[in-house]
Amino acid sequence: MSDSYQINDQRAMYFLTLQVVFWLDVFTREAYRKIVIESLTYCRNHKKLEVYGYVIMSNHVHIIVSSANGTLSDTIRDLKKFTANNIIDSIKTGKESRRKWLISEMAFAARKHKRNSQHQFWTHNNHAVELSTNKMMEQRLEYIHQNPVKAGIVDKAVDYLYSSARNYCDGMKGIMEIDLIDF
């Protein structure tokens, strides 16, 4: 694999895309979105992950993050592993009408990579883009916040609950605390 789209500087700010295998629409369920939010919050509070922006779409998550302790790759690896295990467990034990199909698709994805066990939830690539200028940060943050608008889910970015757009709007509070970028 080439060095492009890799996390090279463990303390730098990155735009990452965490994609569900086969673009499965898993995050149409609140329970699974909640696992991602709680995991990001845990990583902020206990692993020194700095979260500057996020959006949870139906089949992928965009985040802008850095690591105060220089362990960004490890933290993202742990975040993906934890969320994958918890979401798969929730699919298996919860009230999921698509259970059999989702588990079958994740089992099929796991067979394609030797480092997987029974199921693969996330793809292995994070499409990491280092944000080295304020312009890049602004562009990616705008992209994140406009994702639900462009998808036709909401008319205004601040109306989408599973995004950091509210955190950047005066007088509004997002569903999780973030580390605001001061432009």
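Residues numbered from 1 in each chain as written. Predicted model: local features only at pLDDT ≥ 70, side-chain atom pairs only at ≥ 80, totals over all residues. Heavy atoms only, no water.

Next up on the list: the nonpolar core. By size, the foremost hydrophobic cluster in this structure holds 54 residues, and its most contacted members are Phe27, Ile63, Ile76, Ile87 and Phe121. When contributions to this core are tallied by element, the ones reaching two or more residues are β1 (14–19), α1 (30–46), β2 (49–56), β3 (60–67), α2 (72–93), α3 (99–111) and α4 (134–150). Tallying contributions element by element places α2 first for this core, with seven residues. The residues contacting Ile87, other than those within four sequence positions of it, are Val26, Phe27, Tyr32, Ile35, Val36 and Phe121. (Core = buried A, V, L, I, M, F, W, Y, C linked by side-chain atoms within 4.5 Å. Buried < 20%, exposed > 50% of the residue type's maximum accessible area, 1.4 Å probe, protein only. Helix = DSSP H or I, 4+ residues; strand = E, 2+ residues; numbered from the N terminus. Contact = heavy atoms within 4.5 Å.)

Every α-helix carries 3.6 residues per turn, so stepping three or four residues along brings you back to the same face. Its 17 residues place the ends of α4 23 Å apart at the C-alpha level, agreeing with the 24 Å of an ideal helix rising 1.5 Å per residue. All of the buried residues along α4 are Met137, Leu141, Ile144, His145, Asn147 and Pro148. Along its buried surface, α4 packs onto β1, β2 and β3. Phi turns positive, to about 80 degrees, at Gly152, one or two residues after α4. (Expected span 1.5 Å × (residues − 1).)

This part covers unusual backbone geometry. Positive phi outside glycine occurs at Trp23, with the angle close to 55 degrees. Summarising the element assignment, Trp23 is placed in the loop between β1 and α1. For Trp23, a relative accessible area of 43% translates into the label partly exposed. Located in the positive-phi region is Lys48, a residue other than glycine, with phi close to 60 degrees. Locating Lys48 in the fold gives a position in the loop between α1 and β2.

Right, let's talk about the pattern of salt bridges for a bit. Opposite charge on two side chains makes pairing possible when the charged atoms of those side chains draw close. A complete count under the given rule lists six salt bridges for this structure. For Asp74, the salt bridge identified is with Arg77, shortest N-O distance 3.2 Å. Of this pair, Asp74 and Arg77 both sit in helix α2, three residues apart, which is roughly one turn of that helix. Accessibility expressed as a relative area gives 38% for Asp74, which makes it partly exposed. You can call Arg77 partly exposed: its relative accessible area is 48%. For Glu96, the salt bridge is made with Arg98, and the minimal N-O distance between the two is 2.9 Å. A single burial state applies to Glu96 and to Arg98, both of which are buried. (Salt bridge = Lys/Arg side-chain N within 4 Å of Asp/Glu carboxyl O.)

Attention now goes to the side chain of Asn147. Inspection of the secondary structure assignment puts Asn147 in helix α4. Separated by 3.3 Å, the side chains of Asn147 and His60 make a polar contact. Residues in contact with Asn147, not counting those within four places in the same chain, are Val55, Met57, His60 and His62. (Polar contact = N/O pair within 3.5 Å; in protein donor to acceptor, adjacent residues only side chain to side chain.)

All right, on to the packing of aromatic side chains then. All chains considered together, the criterion is met by six aromatic pairs. Centre to centre, the rings of Phe121 and Trp122 are 4.9 Å apart; their planes meet at 90 degrees, and the pair counts as edge-to-face. Under the relative-accessibility criterion, Phe121 is labelled buried at 1%. Three or more aromatic residues link up through ring pairs in this structure, and these residues are Phe27, Phe121 and Trp122. (Phe/Tyr/Trp six-rings, centres within 6.5 Å; stacked < 30°, edge-to-face > 60°.)

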